[in-house]
Amino acid sequence: EMRMPDPLTELVTGLNATRPNPAIRLPQWRPNETCRPLIEQPEDTLIAMCAFGEARSEGQLGMMLVLMVARNRIPLTRQRHWYGNAPTWQAVLLHPFAFSCFGNEDANFRQMYDPNGEHGQQDETPAWELACAAAFDIYTDRCRDVTDGATHYHERSIEPSWVRSPRMVRTITLGQHIFFREEA
């Protein structure tokens, strides 16, 4: 039986074959072993932290789709202040309640700061490396948007109130995440 190749899988395979080794650093800690505030993290590290914290169980493609949502919000910050207060990765990612992994109370918050287990968390180095690859590909615009302009997503296990808005159009589902585009 001949199977047609999955275009999303082909996207990741093609990117992996041509990507230089991303030199994204681990989240930074201060000398006294306390984590440096998110606002002080390098931008590419912050993007990798988001991919890792939000979607590490979804593989590289799942992480890329989550980052596409953030990237799609950046040009919209001037029209829709709820996406952030400036057209930057940092403003969009750290906007309150935008990406749950950046909330101090989120179960992923501590793990996101310590993906290799150096500071007492579980060692998830392979997932961190995939997050760095996803971050590099999205940050450097190496891949096209395959979410059809998604600006929101959620896990299948929950249904946020914003899903019921008539302005939300479902665009793609991958793994445990459902993606939506907010129409004007």
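See the structure printed just above.
Residues numbered from 1 in each chain as written. Predicted model: local features only at pLDDT ≥ 70, side-chain atom pairs only at ≥ 80, totals over all residues. Heavy atoms only, no water.

A.B. asks: Would you mind showing me how to read the sheet that holds strand 3 (residues 177-182) here?
C.D. replies: The strands making up a sheet are joined through hydrogen bonds of the backbone, oriented either antiparallel or parallel. Across the sheet, three strands lie side by side as 1-3-2; this open sheet has antiparallel pairing. Pairing within the sheet leaves two strands with one partner each, and these edge strands are strand 1 (152-155) and strand 2 (168-174). Going across the sheet, the axis of each strand differs from the next one's by a mean of 25 degrees, ignoring polarity. The sheet contact formed by strand 1 and strand 3 spans four bridges and is antiparallel. Bridged to Glu155 within strand 3 is His177. (Pairing = 2+ DSSP bridges. Helix = DSSP H or I, 4+ residues; strand = E, 2+ residues; numbered from the N terminus. Axes fitted to C-alpha atoms, helices over the stretch in contact; angles between N-to-C directions.)

A.B. asks: Just to check I follow, could you spell out the pattern of salt bridges for this structure?
C.D. replies: Opposite charge on two side chains allows them to pair when their charged atoms are near. This structure, assessed with the given rule, holds seven salt bridges. The partner of Glu183 in a salt bridge is Arg181, with the nearest N and O atoms 2.5 Å apart. (Salt bridge = Lys/Arg side-chain N within 4 Å of Asp/Glu carboxyl O.)

A.B. asks: I keep staring at the side chain of Glu124 and nothing clicks. Help me out?
C.D. replies: With respect to the helices and strands, Glu124 occurs in the loop between helix 5 (109-113) and helix 6 (125-139). A relative accessible area of 16% means that Glu124 is categorised as buried. Within the structure, the side chain of Glu124 is placed 2.9 Å from the side chain of Arg56, a separation counted as a polar contact. Excluding anything up to four places from it in sequence, Glu124 contacts Phe52, Arg56, Gln111, Pro115 and Asn116. (Buried < 20%, exposed > 50% of the residue type's maximum accessible area, 1.4 Å probe, protein only. Polar contact = N/O pair within 3.5 Å; in protein donor to acceptor, adjacent residues only side chain to side chain. Contact = heavy atoms within 4.5 Å.)

A.B. asks: What is the right way to read helix 3 (residues 59-73) from this model?
C.D. replies: Quick reminder: α-helices carry 3.6 residues per turn. Residues three or four places apart thus point the same way. The end-to-end C-alpha distance of helix 3, which contains 15 residues, comes to 22 Å, matching closely the 21 Å that a straight helix rising 1.5 Å per residue would cover. Burial within helix 3 is extensive, with 14 of its 15 residues counted as buried. (Expected span 1.5 Å × (residues − 1).)

A.B. asks: Hey, could you run me through the pairing of strand 2 in this one?
C.D. replies: Along any regular strand, the residues point their side chains to alternate faces of the sheet. Sheet topology places strand 2 next to strand 3; six bridges connect them, and they run antiparallel. Considered in strand 3, the bridge of Val169 is made with Arg181. Between strand 2 and the antiparallel strand that follows it, strand 3, lie two residues; Gly175 among them carries a positive phi value of about 60 degrees.

A.B. asks: When you look at the packing of aromatic side chains in this model, what are you seeing that I'm missing?
C.D. replies: What characterises a pair of aromatic rings is the spacing of the ring centres plus the angle enclosed by the ring planes. Scanning the model with the defined rule gives six aromatic pairs in all. When the ring of Phe99 is compared with that of Tyr153, the centres are 6.4 Å apart and the planes differ by 35 degrees; the resulting orientation is tilted. On the criterion of sequence distance, the pair formed by Phe99 in the loop between helix 4 (89-93) and helix 5 and Tyr153 in strand 1 is long-range, its members being 54 residues apart. The same class applies to Phe99 and to Tyr153, which are both buried. Residues Tyr153 and Phe179 carry aromatic rings whose centres are separated by 5.5 Å and whose planes lie at 25 degrees to one another, so their mutual orientation is stacked. (Phe/Tyr/Trp six-rings, centres within 6.5 Å; stacked < 30°, edge-to-face > 60°.)

A.B. asks: So what exactly am I meant to see when it comes to the packing of helix 2 (residues 43-55) against helix 6 here?
C.D. replies: Helix-helix packing is characterised by the crossing angle of the two axes and by the distance between the axes. Viewed as axis vectors pointing N to C, helix 2 and helix 6 meet at an angle of 120 degrees, and their least axial separation amounts to 8 Å. Viewed along their axes, helix 2 and helix 6 adopt a mutual orientation that is oblique. Relative to helix 6, helix 2 is oriented so that their crossing is right-handed. Here helix 2 contributes Glu43, Asp44, Thr45, Ile47, Ala48, Met49, Ala51 and Phe52 to the contact with helix 6, which in turn contributes Ala127, Trp128, Ala131, Cys132, Ala135 and Tyr139. (Parallel < 35°, antiparallel > 145°, perpendicular 65-115°, else oblique. Left-handed = near helix turned anticlockwise from the far one by under 90°.)

A.B. asks: I keep staring at the packing of helix 3 against helix 6 and nothing clicks. Help me out?
C.D. replies: Running from N to C, helix 3 and helix 6 point in directions that differ by 40 degrees, and their axes come no closer than 9 Å. Classified by the angle between their axes, helix 3 and helix 6 sit oblique to one another. As helix 3 runs across helix 6, the sense of the crossing is right-handed. Two secondary-structure elements touch here, helix 3 through Gln60, Met63, Met64, Leu67, Met68 and Arg71 and helix 6 through Ala127, Leu130, Ala131, Ala133, Ala134, Ala135, Asp137 and Ile138.

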